Amino acid sequence: MARPILDEETNFVYISDKLRVFFPEFHDALTEKFSEMHIHFGILHGTKDIWCRDYMPIQMNDMSFVGYKFDPDYLKENFGHSEYTEYESKYSPIGARLRPWERVSALSEISVSHGIDISSRLRNFNIVLDGGNLVFCGNYVIVADKILKENKQSRDELESILREMFNLEPIIVHWEPDHEDVYGHTDGMFRALPTKKDEKPKLLYLHRWDSPSKRLRDNLRETAGDRIELKEIVFEKKGPGIDSLAWAYINFLQVGRKILVPKFGLADEDSVMDQFHSCFGIKPESIEMPDIARQGGALHCLTWNIKNENKRE
């Protein structure tokens, strides 16, 4: 039975061609870091937005792909102005000069380098969804309940579609938009941890005192019950930038046995890196990216990692 390819099974990562256009210095730093870490990478051509995780399909372990309708509320004309949805923010080096609703990337217009043929192996489903709003953990797929607002189907119908898509049991966690997060992407809230056979699935969560993320943890515990174990990355020190940037640590990139974590120079950052090392048994690399993170996404959002059968370590 086909299930989604997990990050630790991947060996190749893609980035949008717009990353070089909108953030050229970071693009160069990131691709240099990939080379240093011996991570194979390629380019997605014909995109309109840098956040390729959200609009690219999900790879399954039978080497097929699962697609969905990428039509998020935060890229609609009536969503309203926010620095979190406008590239014209002061943090962008040059700005995209595109309004949010002009940045919806269509999979049919995207060309994937290195010989990956998606179209012949793609199964599309009639559901509005973002790839960033999917976290695969054990026998479960964790989804924020924004999908209830973005789709006309009932909760039962949406859960049935998610089961058919991924052969996993959906856990739909309650989420409310706030100044920290207008997107509702579970990959900015939780990430799966490796588990041994017969162990309970584990999710990694960022614990930051009484921030809105604490409510997410409590909501997940209420929804998931004892089906999933939560492991926390704990901040023991406060300091400048904690409230606006610390969330992005959880939006790291894992390609096989290699982990790349955002770096901001915040208080307690060394402790955070040590905790990642302890949780994964892998010493993470890091890259500075405050300008990107202030746009509302980080490394996982910027990338699309897959298992490429033509590439071997």
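Let me begin by describing the structure that accompanies this report.

Digging into the packing of aromatic side chains
Here is step 1 of the chain: Under the definition given, this model contains 13 aromatic pairs.
Here is step 2 of the chain: Both rings, one in phenylalanine 34 and one in phenylalanine 41, keep their centres 5.5 Å apart while their planes meet at 45 degrees; by these two values the pair is tilted.
Here is step 3 of the chain: For the pair tyrosine 249 and phenylalanine 264, a centre-to-centre distance of 5.5 Å together with 65 degrees between the ring planes defines the contact as edge-to-face. Note that tyrosine 249 is positioned in the loop between helix H7 (242-245) and strand E13 (253-255) and phenylalanine 264 in the loop between strand E14 (258-263) and helix H8 (269-280), a separation of 15 residues in sequence.
Here is step 4 of the chain: Residue classification places tyrosine 249 among the buried residues on the basis of a relative accessible area of 0%.

Quick notes on the environment of serine 108
Here is step 1 of the chain: In this fold, serine 108 is placed in the loop between strand E4 (65-69) and strand E5 (111-112).
Here is step 2 of the chain: In this structure, the C-alpha to C-alpha distance between serine 108 and isoleucine 118, residues ten residues apart in sequence, is 9.8 Å.

Some remarks on the sheet that holds strand E9 (residues 169-173)
Here is step 1 of the chain: Taken in spatial order, the three strands line up as E7-E8-E9 in an open sheet, and their pairing is mixed. Lying at the two open borders of the sheet, with one neighbouring strand each, are strand E7 (135-137) and E9. Neighbouring strand axes in the sheet, compared pairwise and without regard to direction, differ in orientation by 30 degrees on average.
Here is step 2 of the chain: Bridge count between strand E8 (residues 140-144) and E9: five bridges; the pairing is parallel. Paired with tyrosine 140 across the strands is glutamate 169, a residue of E9.
Here is step 3 of the chain: Relative to the sheet, helix H5 (residues 155-166) contacts E7, E8 and E9, its axis offset from that of E9 by approximately 135 degrees.

Some points on helix H2 (residues 24-36)
Each α-helix turn comprises 3.6 residues. Residues three or four places apart therefore point the same way.
Here is step 1 of the chain: An ideal rise of 1.5 Å per residue puts 18 Å on 13 residues; H2 measures up with 18 Å between its terminal C-alpha atoms.
Here is step 2 of the chain: Residues of H2 that are buried include every one of Phe26, His27, Leu30, Thr31, Lys33 and Phe34, and no others. Mapping the buried residues of H2 onto a view down its axis gives an arc of 155 degrees, with all of them on the same face.
Here is step 3 of the chain: Phi turns positive one or two residues past the end of H2, at histidine 38, with a value near 55 degrees.

Here we look at the nonpolar core
Here is step 1 of the chain: Within the largest apolar cluster, 46 residues are counted, with the highest numbers of intra-cluster contacts made by Phe26 and Tyr249.
Here is step 2 of the chain: If near-sequence neighbours (up to four positions away) are discounted, phenylalanine 26 is found in contact with Leu19, Ile287, Glu288, Met289, Ile292, Leu299 and Leu302.

With respect to the pairing of strand E11 (residues 202-207)
Here is step 1 of the chain: Note that strand E10 (residues 190-193) and E11 share four bridges and pair antiparallel. Paired with leucine 193 across the bridge in E11 is lysine 202.
Here is step 2 of the chain: Bridge count between E11 and strand E12 (residues 229-234): six bridges; the pairing is parallel. The residue of E12 that forms the bridge with lysine 202 is glutamate 229.

Remarks on H5
Here is step 1 of the chain: Here H5 contains twelve residues, and its C-alpha end-to-end distance of 16 Å stays within 8% of the 16 Å for a straight helix at 1.5 Å per residue.
Here is step 2 of the chain: Within the sequence span of H5, burial applies to Leu158, Glu159, Ile161, Leu162, Met165 and Phe166. Seen along its axis, H5 keeps its buried residues to an arc of 160 degrees; they face one direction.
Here is step 3 of the chain: Following H5 by one or two positions, asparagine 167 adopts a phi angle in the positive range, close to 55 degrees.

Digging into the environment of leucine 168
Here is step 1 of the chain: Take leucine 168: it is sitting in the loop between H5 and E9.
Here is step 2 of the chain: A relative accessible area of 5% places leucine 168 in the buried class.
Here is step 3 of the chain: Considered as a pair, leucine 168 and phenylalanine 136 are 32 residues apart in the sequence and their alpha carbons are 8.4 Å apart.
Here is step 4 of the chain: Setting aside its immediate chain neighbours within four residues, leucine 168 contacts Arg3, Pro4, Phe136, Gly138, Asn139, Tyr140, Val141, Leu162 and Arg163.

Thresholds, definitions, all that
- Residues numbered from 1 in each chain as written.
- Predicted model: local features only at pLDDT ≥ 70, side-chain atom pairs only at ≥ 80, totals over all residues.
- Heavy atoms only, no water.
- Phe/Tyr/Trp six-rings, centres within 6.5 Å; stacked < 30°, edge-to-face > 60°.
- Helix = DSSP H or I, 4+ residues; strand = E, 2+ residues; numbered from the N terminus.
- Buried < 20%, exposed > 50% of the residue type's maximum accessible area, 1.4 Å probe, protein only.
- Pairing = 2+ DSSP bridges.
- Axes fitted to C-alpha atoms, helices over the stretch in contact; angles between N-to-C directions.
- Contact = heavy atoms within 4.5 Å.
- Expected span 1.5 Å × (residues − 1).
- Arc of directions from axis to C-beta.
- Core = buried A, V, L, I, M, F, W, Y, C linked by side-chain atoms within 4.5 Å.

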